[in-house]
Amino acid sequence: MNAFSPSEHDLHAYVDGQLDEALRRQIDIYLAGHPDVARAVELLRQENQRLRAALENIPTGPVPPRLDPFRIRRELRARSQRRMAIAASLVLTLSLGTLGGWQLRDMSIRKTYLPMADATQAYRMFATSDMAQQVDMKTSEPAQLQNWLNRHFVQAAPMPDFSAYGFRPVGGRLMASDKGAAAMVLYQNNQGQAIVYYVRPPGEVLSFGAGNRKDGNLLTQYWRQGRYFYAVVSPTDSPAMLPVQRAVEPSRPQS
């Protein structure tokens, strides 16, 4: 047999004296064993008394339904529930507004973001005649440079081979990006002209795809393959670079 447990409606009816004798006795017994509920019932009774005291100046006669203490409490609870619903609605609206703000921010970033700008900057900073003295890994052996890349990047793509165009690797340098380690590999020809091969993890803009862009006298050709973004940066004002740029363009995997 289930233990008796009065509902909220039962307790309000108990306070208002609207229960039959049998149910009232059951609640008396229940309250005797549940002091916390008994205190809550006492607060209800005190509230009832305050409401009735406030109605003492009302002309004699039947109390209008709208002034019934039980009805007043019920309407107060309903009003509280409506306020909670409105508050929840406001929270949802603010959340959607915040999400919309982030989406607008993302759209703004996409409009102003220059793909692989860090690769272009790396060329400007380090692809000079004395670059070979500033590398972390100095070697002209492609296999050694590939192993060096593999230690820092999971499943890095094979380095491009530009030896047919007179450019050979001379070293590599670790860089920093907004999402972790990046790296550049410097290629040079016998005239000291330089090409940079650049590897980096995805940043805030994850899907700019493959393409190329010019920045001053530099051409940055970029693409995504597997986990990383890649780029080849080369000058546009040297005839020696044209065969390399043509070779890179059709070989770029599409994202």
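A brief report on the enclosed structure follows. Remember, it's a predicted structure, so these values are computed and weren't measured experimentally.

Right, let's talk about the overall build of the protein chain for a bit. Looking only at helices and strands, one finds seven helices and seven strands in the protein chain. In the protein chain, the order of α-helices and β-strands from amino to carboxyl end is α-α-α-α-α-β-α-β-β-β-β-β-β-α. The buried share among the 255 residues of the protein chain stands at 36%. Considering only contacts within the protein chain whose residues lie at least 6 apart along the sequence, 58% involve residues at least 24 apart.

Here we come to the nonpolar core. Counting residues in hydrophobic clusters, the biggest one holds 23 residues, and the most contacted among them are Leu 149, Phe 162, Val 185, Tyr 187, Ile 195, Tyr 197 and Tyr 230. Residue assignment for this core shows that the elements contributing at least two residues are helix H6 (142-152), strand S3 (180-188), strand S4 (194-200), strand S7 (228-235) and helix H7 (242-251). Tyr 230 has contacts with Met 116, Gln 155, Ala 156, Ala 157, Tyr 197, Tyr 198, Val 199, Gln 221, Tyr 222, Trp 223 and Gln 225, leaving out every residue within four places of it along the chain. The next biggest cluster of nonpolar side chains, apart from the first, holds 19 residues, and it includes Phe 126, Val 170, Ala 182 and Leu 186.

Glancing now at unusual backbone geometry. Although it is not a glycine, Gln 155 sits at a positive phi angle of roughly 55 degrees. Residue position: Gln 155 is located in the loop between H6 and strand S2 (168-177). For Gln 155, a relative accessible area of 68% corresponds to the exposed category.

We now examine the pairing of S4. Burial analysis of S4 places seven of its seven residues in the buried class, which makes it a mostly covered element. Burial of the side chains of S4 extends over both faces: Ala 194, Val 196, Tyr 198 and Arg 200 are buried on one face and Ile 195, Tyr 197 and Val 199 on the other. Here six bridges tie S3 to S4, and the two strands are oriented antiparallel to one another. Of the residues in S4, the one forming a bridge with Leu 186 is Val 196. Where S4 meets S7, five bridges bridge the pair, whose relative direction is antiparallel.

This part is about the pattern of salt bridges. Enumeration over the complete set of coordinates arrives at eight salt bridges. Two residues, Glu 42 and Arg 45, come together in a salt bridge whose shortest N-O distance is 3.1 Å. Of the two residues, Glu 42 and Arg 45 are both situated in helix H3 (residues 35-54); the distance of three residues between them amounts to about one turn of the helix. Judged by its relative accessible area of 28%, Arg 45 falls in the partly exposed class. Between Arg 200 and Asp 118 there is a salt bridge whose closest N-O contact spans 2.9 Å. Of this pair, Arg 200 sits in strand S4 while Asp 118 sits in helix H5 (residues 117-126); the two residues are 82 residues apart in sequence, bridging distant segments of the chain. A residue is classified by how much of its surface remains accessible, and Arg 200, at 4% relative accessible area, is buried.

A word on helix H2 (residues 21-33). For H2, which comprises 13 residues, the first-to-last C-alpha distance of 19 Å matches the rise-based estimate of 18 Å (1.5 Å per residue) to within 8%. Those residues of H2 not exposed but buried are Leu 23, Ile 27, Tyr 30 and Leu 31. Seen end-on, H2 carries its buried residues on one side only, within an arc spanning 95 degrees. Opposite the buried face of H2, at more than 90 degrees from it, the exposed residues are Ala 22, Arg 25, Ile 29, Ala 32 and Gly 33.

Basis of the calculations
- Residues numbered from 1 in each chain as written.
- Predicted model: local features only at pLDDT ≥ 70, side-chain atom pairs only at ≥ 80, totals over all residues.
- Heavy atoms only, no water.
- Helix = DSSP H or I, 4+ residues; strand = E, 2+ residues; numbered from the N terminus.
- Buried < 20%, exposed > 50% of the residue type's maximum accessible area, 1.4 Å probe, protein only.
- Contact = heavy atoms within 4.5 Å.
- Core = buried A, V, L, I, M, F, W, Y, C linked by side-chain atoms within 4.5 Å.
- Pairing = 2+ DSSP bridges.
- Salt bridge = Lys/Arg side-chain N within 4 Å of Asp/Glu carboxyl O.
- Expected span 1.5 Å × (residues − 1).
- Arc of directions from axis to C-beta.

Coordinates in, geometry out; function isn't part of it.
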